[in-house]
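Letter by letter, the chains look like this.
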Amino acid sequence: MPVAAAPPSPAPSLAKGKKRARDGDDDAASANASASAGVGGGGGGGGFALNRFYFSFVLDALEKKRQGNMEPYDELVSQFTSSSSSSGQPAQVQPWLEALSHVVSQLDRSHAALVDAIVSYPWTTAPAPFASAYAGFVAMLVSARTEYLRMILGKIVKGFTYQSGLRAVETTGVEEGGKAEMTRREVYDRLHALLERLLALVPAAASVLKDPVERNFPHKRESRAAHVAYIRNVLRVVEYCDAIGDAVLSVVVKRTIDIDVQVQAELEDLDEDEQEAIEAFFDPTETDPFDRAVGDDEDSQASDSGSEAGSLGDLSSDDGSSSSGDERDPSETVANLEESIAKLDGIMSVIFAHFERVNVLASPPPFNPLSPAGPPSPSTRAATARGRDRRRAQFHGLLAIFEKTILKTFKSRYTQFLLFWYSSLDPDYSDLFQGMLVSKALFEPNMPVVIRLAAASYTASYVSRAKFVDGPSARRVMALFCDYLASQLDAVDGALAAPNVALYSVFYAVAQAVFYIFCFRWRDLLDELDAEDDVFGHGGSPTGGRTWAPGMDVIQRAILSPFNPLRVCSSNVVHQFARVAQGTGFLYCHSIIEQNKRSDFSALHTPLSTLITPPTASLLHAPAPSPLPHRFLPPQPPADADLDSFFPFDPYKLPRSGAHLRGIYREWGEVAIGAGEEDEGSEEEDEGEEVLDEDDEGRDRLGEGRPGVRFATSLDDADLDAEMLGKSIEQMSISPNPFGRTAIALHG
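Cut-offs used in this document
Residues numbered from 1 in each chain as written. Predicted model: local features only at pLDDT ≥ 70, side-chain atom pairs only at ≥ 80, totals over all residues. Heavy atoms only, no water. Helix = DSSP H or I, 4+ residues; strand = E, 2+ residues; numbered from the N terminus. Buried < 20%, exposed > 50% of the residue type's maximum accessible area, 1.4 Å probe, protein only. Contact = heavy atoms within 4.5 Å. Salt bridge = Lys/Arg side-chain N within 4 Å of Asp/Glu carboxyl O. Phe/Tyr/Trp six-rings, centres within 6.5 Å; stacked < 30°, edge-to-face > 60°. Core = buried A, V, L, I, M, F, W, Y, C linked by side-chain atoms within 4.5 Å. pLDDT = per-residue confidence, 0-100. Expected span 1.5 Å × (residues − 1). Polar contact = N/O pair within 3.5 Å; in protein donor to acceptor, adjacent residues only side chain to side chain. Axes fitted to C-alpha atoms, helices over the stretch in contact; angles between N-to-C directions. Parallel < 35°, antiparallel > 145°, perpendicular 65-115°, else oblique. Left-handed = near helix turned anticlockwise from the far one by under 90°. Nonpolar A, V, L, I, M, F, W, Y, C, P; charged D, E, K, R; others polar. Disulfide = S-S within 2.5 Å.

K.L.:
Where do I start with the overall build of the protein chain in this structure?
P.N.:
Of regular secondary structure, the protein chain possesses 31 helices and zero strands. Relative to its full complement of 748 residues, the protein chain shows a buried share of 54%. By sequence separation, contacts in the protein chain at least 24 residues apart represent 83% of the contacts at least 6 residues apart.

Have a look at this one:
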């Protein structure tokens, strides 16, 4: 006969238990009253009918434990831990849980082993009536004994992992009344229902959640499904527990940026053959991890303990598995990298989807004046106001995370787009983001130089790429940057003999930002009257008769100064700026670029900082006509001069998550000068094409001898004439090209 039906040594235990049952009636009544008053669906002792046989045994076991006899108590604990075919099943556990529900107030810390066995019981795949009653018992336990709150919350958060349902299936199996195939979505729904219930009972429980959330986060080598499932679950918690929003989002962003940086590092480490072979693997028909049956996929052999990490061990660059240290299977390397890219894409999609849900709650429902429903009710307006407050709080939390983590990480490629997207929701958000970046770049001289350089690059990339940054905002940023250039020029008037990147790196970063913004936003930088007539009629004049926004004349002053930014800034940016500036009639600077090119510049490219992503060598050179006279040819800079930088909002290539940026991200093709608009200068430029072709062979490969830097050569054989203008700007990425010779789109 099963243990649950007849406890061991029933005669003496039952005899004593009946006496104690009478003595314990007050405890049972008190427990029932507590359940009815505060627990809800699990009231009345967890929904079970009182069985005095089991109740008497429980009282006897607790009493004998106090007397030092552990045998009955150990038998009680074993009812929740046994893996035999009879014991441990929900039907056998049910009466024990019923009995314990009436003495829950007696389960102090001396009974931690029993409570741990109960809390660890795999209830999430049990039949619905048992699962509901179990949740009621746990709620009663937390109400009576808050010392177990941390343990219980830890078990719930662990249940959010991808493999959490495996033990439940192995232990409880499928019995009558249960589902033959339960999806993870159903398991997670039960866990969330219980957690939300406990948070309502004990609001202070929110402060306990941060540690288990971080502790149970999947290792970065675990699968895409493991990360997607866990991150989706913890972000769902944020949606009903605002108190932990910042803490959870901080952990999620930190782990995401770790994977982002790892992917970029692995892309840089690929050899030429692997670069040609790499194509991100995305299966558009892949099943949502939440909809997979528990234990019914390729990850079912892995456990929460991290056994899966072994299969991904060769993602590590120092695993030492090869005796020679330089032998690896290219196909395996590419496959691992494809998995990592897909993982990052899945994570970004989950975070964007969470942000979308928060935004929906902050958006008022559409109002149709012809609808009989009338305007939104006061309760609807109040709910929308609460949603806006939550969205605003989340934005400020994300902005703080950006300042603390993302801004200081110079090799992230995609994580920063979370703030890009969020700032598009409200003009105030965008203004705050720009203000923070400009302040760090220009007005906080005590800030570390690398942070100021990064802030300048972020500002340039953001203002250039964000469609929701309007013309007046772009002009304000440009005015601030130009004012800074002017102040620096005034401060060193006559004191600077040659470029000095080490001393004036912020100046060069700001100049580079000005060049970059001009390429994208020159239409918004025109005087209002000129902006209305956007045609090219300058007839080759260096000024073209156009009127530009106030303060922009300092750009020409900076170019002709001893700072010589055209020599120090990224050649990609410099050449593209020269083309656009000439095409728009703003100024002509090809002659200075040519003078710089003729100098012996082989020692120029020493990285300013290994923390800043080095530039790529993309063919953005325009054939230069015969040099025009100008008032100053800058002297040669010192050998340590160089400006390494990056543009953090380069085109987004992850296909699934990239869908969230449609409509708010500016592609170069939307603002490029058309080939026909440049025809007037093309003939003149062609005269100098041969000179540049001869020089390009060496110049575009300046980085090939530098350790740790790989320059893209995907366009080495491309046509260099001015008709490439509309396409070349998309190669204006200061980040290393991850695809080497073949520019492969990250989508299938």
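K.L.:
I tried to follow the pattern of salt bridges on my own but got confused; where do I start?
P.N.:
Applying the stated rule across the entire model yields 14 salt bridges. Across the salt bridge formed by R390 and D242, the nearest N and O atoms sit 2.9 Å from each other. With R390 in helix 17 (residues 378-406) and D242 in the loop between helix 13 (224-240) and helix 14 (245-269), the pair connects residues that are 148 residues apart, well separated along the chain. In this structure, R521 engages D524 in a salt bridge whose closest nitrogen and oxygen atoms are separated by 2.8 Å.

K.L.:
Could you clarify how one ought to interpret the packing of aromatic side chains in this entry?
P.N.:
Aromatic ring pairs are reported here in terms of the distance separating the ring centres and the angle at which the planes meet. Using the criterion set out here, one finds 42 aromatic pairs in the structure. Geometrically, the ring pair formed by F402 and F433 is edge-to-face, given 5.1 Å between the ring centres and 85° between the ring planes. Pair noted here: F402 is in helix 17 and F433 is in helix 19 (residues 427-442), with a separation of 31 residues, a long-range link. By relative accessible area, which is 0% here, F402 ends up buried.

K.L.:
Sorry, what's going on with the nonpolar core here?
P.N.:
F518, I555 and F577 are the most contacted members of the largest nonpolar core, which totals 191 residues. Broken down by element, this core gets its largest block of residues, 16 residues, from helix 22 (residues 501-521). Setting aside residues no more than four positions away along its own chain, F518 makes contact with M478, L525, W548, M552, F577, V580, A581, T584 and F586.

K.L.:
Looking at this structure, how should I read the environment of G346?
P.N.:
Position of G346 relative to the elements: it lies in helix 16 (residues 330-362). Counting along the chain gives 309 residues from G346 to P655, while the straight-line C-alpha distance between them is 9.8 Å.

K.L.:
Which parts of the structure should I look at to understand the side chain of H192?
P.N.:
Within the secondary structure, H192 is located in helix 11 (residues 184-201). In this structure, H192 is in contact with F160, N233, R236, V237 and Y240, ignoring residues within four places of it in sequence.

K.L.:
Explain the side chain of D260 here, please?
P.N.:
Tracing the backbone through its elements, the reader meets D260 in helix 14. Setting aside residues up to four positions removed in sequence, D260 forms contacts with L344, S412, R413, Y414 and T415.

K.L.:
Please explain unusual backbone geometry as it appears in this structure.
P.N.:
Note: most peptide bonds trans; most residues except glycine with negative phi. Although it is not a glycine, N564 sits at a positive phi angle of roughly 45°. Relative to the helices and strands, N564 resides in the loop between helix 24 (553-559) and helix 25 (565-568).

K.L.:
Looking at this structure, how should I read the confidence of the model for the protein chain?
P.N.:
Any segment with low pLDDT has predicted coordinates that should not be analysed in fine detail. Scored by pLDDT, the protein chain comes out at a mean of 74, with 63% of its residues at no less than 70. In the model of the protein chain, helix 30 (residues 689-699) stands out as the element of lowest mean pLDDT, 33, in contrast to helix 18 (residues 417-423), which has the highest, 98. Ignoring residues within four places in sequence, the model shows residues 280-284, a span with pLDDT below 50, making 14 contacts including any to other chains. Taken as a whole, residues 675-748 scores under 50 in pLDDT and shows 160 contacts with residues more than four places along the chain or in a different chain.

K.L.:
Quick question: what am I supposed to make of helix 19 here?
P.N.:
Residues three or four positions apart in an α-helix share a direction because the helix packs 3.6 residues into each turn. Here helix 19 contains 16 residues, and its C-alpha end-to-end distance of 22 Å stays within 8% of the 22 Å for a straight helix at 1.5 Å per residue. Regarding helix 19, the residues found buried are Y429, S430, F433, Q434, M436, L437, V438, K440, A441 and L442. In the core, the buried residues of helix 19 are packed alongside helix 17, helix 18, helix 20 (449-465), helix 21 (471-491) and helix 22. Its side-chain oxygen at 2.8 Å from the backbone nitrogen of D428, D426 defines the N-terminal cap of helix 19.

K.L.:
Looking at this structure, I do not really get the packing of helix 8 (residues 128-144) against helix 11. What am I missing?
P.N.:
Between two packed helices, the angle of one axis relative to the other and the distance separating the axes together describe the packing. The N-to-C vectors of helix 8 and helix 11 enclose an angle of 25°; their axes lie 10 Å apart at closest approach. Taken together, the axis directions place helix 8 and helix 11 in an arrangement best described as roughly parallel. Remark: the crossing between helix 8 and helix 11 carries right-handed chirality. Taking contact as the criterion, the partners of A128, A131, S132, A135, G136, V138, A139, V142 and S143 in helix 8 are, on helix 11, R190, L194, R197, L198 and L201. When the residues that make up the contact of helix 8 with helix 11 are grouped by side-chain class, the tally is nine nonpolar, three polar and two charged.

K.L.:
Explain the packing of helix 13 against helix 14 here, please?
P.N.:
Orientation of helix 13 relative to helix 14, taken along the N-to-C sense of each, is 160°, at an axis distance of 9 Å. Considering the angle they form, helix 13 stands roughly antiparallel to helix 14. The two elements helix 13 and helix 14 cross, and the hand of that crossing is left-handed. For the pair formed by helix 13 and helix 14, the contact residues are H227, I231, V234, L235 and V238 on the first element and G245, V248, L249, V252 and I259 on the second. Here the residues of the contact of helix 13 with helix 14 are counted per class, giving eight nonpolar, two polar and no charged.

K.L.:
What's the story with the state of the cysteines in this structure? I'm lost.
P.N.:
Applying the stated criterion to the full structure yields zero disulfides. C589 takes part in no disulfide bond, and the closest cysteine sulfur to it belongs to C519, at a distance of 9.9 Å. The buried category is assigned to C589, whose relative accessible area is 1%.

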